[in-house]
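In case you want the letters, here they are:
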Amino acid sequence: MKLEDYNGFCASLPHATHVVQWGGAHVWKVGGKVFAIGGWGDGEMLAVTFKCSDVAFEILKEQPGLRPAPYLASRGMKWIQRHSAETMDDDALRDYIAESYRRVFAGLPKKVQTQLG
């Protein structure tokens, strides 16, 4: 997934906001909370970090091309980083980003959810 594709997909999610921070990472948020981070690739490929369920985390962290997200996972958070497309293609990555968005949105205070619609 190229940066333009990543940003375009994240921008298509309702109420998503974009900021470049943390050394040039493209960070996407909903209600002020992060749901995806794109950047810090080891090569040409964009590394994309997303939040996932406990079960998905346990399965994905063992797959080639995926790893517990640096910094976030070391603090006990269930975030995965795709750094190559060995076992997760771009369509699956979009599904995981969308699920991350849903998880973060669901965790927002009800007042914020209502304000966002």
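The preceding data block contains the structure.
Heads up: these notes are all about the structure in this document.

Overview of the pairing of strand β6 (residues 79-82)
- Residues of β6 alternate between two faces, with Trp79 and Gln81 on one and Ile80 and Arg82 on the opposite face, all of them buried.
- Two strands pair when backbone bridges link them, and strand β4 (residues 48-51) and β6 are joined in this way by four bridges, in the antiparallel orientation. Along β6, the bridge assignment pairs Phe50 with Ile80.
- Bridge count for strand β5 (residues 66-68) against β6 is three bridges, and the pairing is antiparallel. Of the residues in β6, the one forming a bridge with Leu66 is Arg82.

Observations concerning the environment of Leu13
- Within the element layout of this structure, Leu13 appears in the loop between α1 (3-11) and β1 (16-21).
- The exposure class of Leu13 is buried, given its relative accessible area of 12%.
- Through-space distance from the C-alpha of Leu13 to that of Val30 is 8.9 Å; in sequence the pair is 17 residues apart.

Topic: unusual backbone geometry
- Notably, His15 is not glycine yet its phi reads approximately 65°, a positive angle.
- Position of His15 among the secondary structure elements: in the loop between α1 and β1.
- His15 sits in the partly exposed class, given a relative accessible area of 39%.
- Positive phi values are uncommon outside glycine, yet Tyr71 reaches one of about 75°.
- Inspection of the secondary structure puts Tyr71 in the loop between β5 and β6.

A word on the environment of Val34
- Within the secondary structure layout, Val34 lies in strand β3 (residues 33-38).
- As for Val34 and Thr17, which are separated by 17 residues in sequence, their C-alpha atoms are 9.3 Å apart.
- With residues up to four places along the chain from it excluded, the contact list for Val34 reads Trp22, Val27, Trp28, Lys29, Trp79 and Val104.

Some thoughts on the packing of aromatic side chains
- Across all of its chains, the model carries three aromatic pairs by this definition.
- Ring geometry for Phe35 against Tyr101: centres 5.3 Å apart, planes inclined by 85°, an arrangement best described as edge-to-face. Here the residue Phe35 occupies a position in strand β3, and Tyr101 occupies one in helix α3 (residues 90-107), the gap between them amounting to 66 residues.
- By relative accessible area, Phe35 is classed as buried at 0%.

Comments concerning the environment of Leu66
- Here Leu66 is to be found in strand β5.
- If we ignore the near neighbours within four places in the chain, the residues touching Leu66 are Leu60, Lys61, Ile80, Gln81, Arg82, His83, Thr87 and Met88.

Observations regarding the pattern of salt bridges
- Tallying each qualifying case throughout the model produces five salt bridges.
- As a salt-bridge pair, Arg82 and Asp90 come within 2.9 Å of each other at their nearest N and O atoms.
- Take Arg82: its relative accessible area is 0%, and that puts it in the buried class.
- Of the charged contacts, one joins Arg102 and Glu99 as a salt bridge, the two residues approaching to 3.1 Å between their closest N and O atoms. Note that Arg102 and Glu99 are positioned in helix α3 at a spacing of three residues, about one turn of the helix.

Calculation criteria
Residue positions are given per chain, counted from 1 along the sequence in the order it is written. Reporting in this predicted model follows two pLDDT cut-offs: at least 70 for local features of residues, and 80 or more for side-chain atom pairs to be given and counted; totals over whole chains, interfaces and linings ignore these cut-offs and use all residues. Note that water and hydrogens are dropped before the side-chain values are worked out from all heavy atoms of the structure. Only protein chains enter the accessibility calculation, which uses a 1.4 Å probe; a residue whose area is less than 20% of its type maximum is buried, one above 50% is exposed, and one in between is partly exposed. Helix and strand definitions follow DSSP, with helices as H or I runs of at least four residues and strands as E runs of at least two, each counted in order from the N terminus. Following DSSP output, two strands are said to pair if at least two bridges run between them. Throughout, a contact is declared for two residues whenever any of their heavy atoms are within 4.5 Å. Pairing of aromatic side chains here covers Phe, Tyr and the six-membered ring of Trp, requires ring centres within 6.5 Å, and sorts the geometry by plane angle: under 30 degrees stacked, over 60 edge-to-face, intermediate tilted. For salt bridges, the criterion is a side-chain nitrogen of Lys or Arg within 4 Å of an Asp or Glu carboxyl oxygen.

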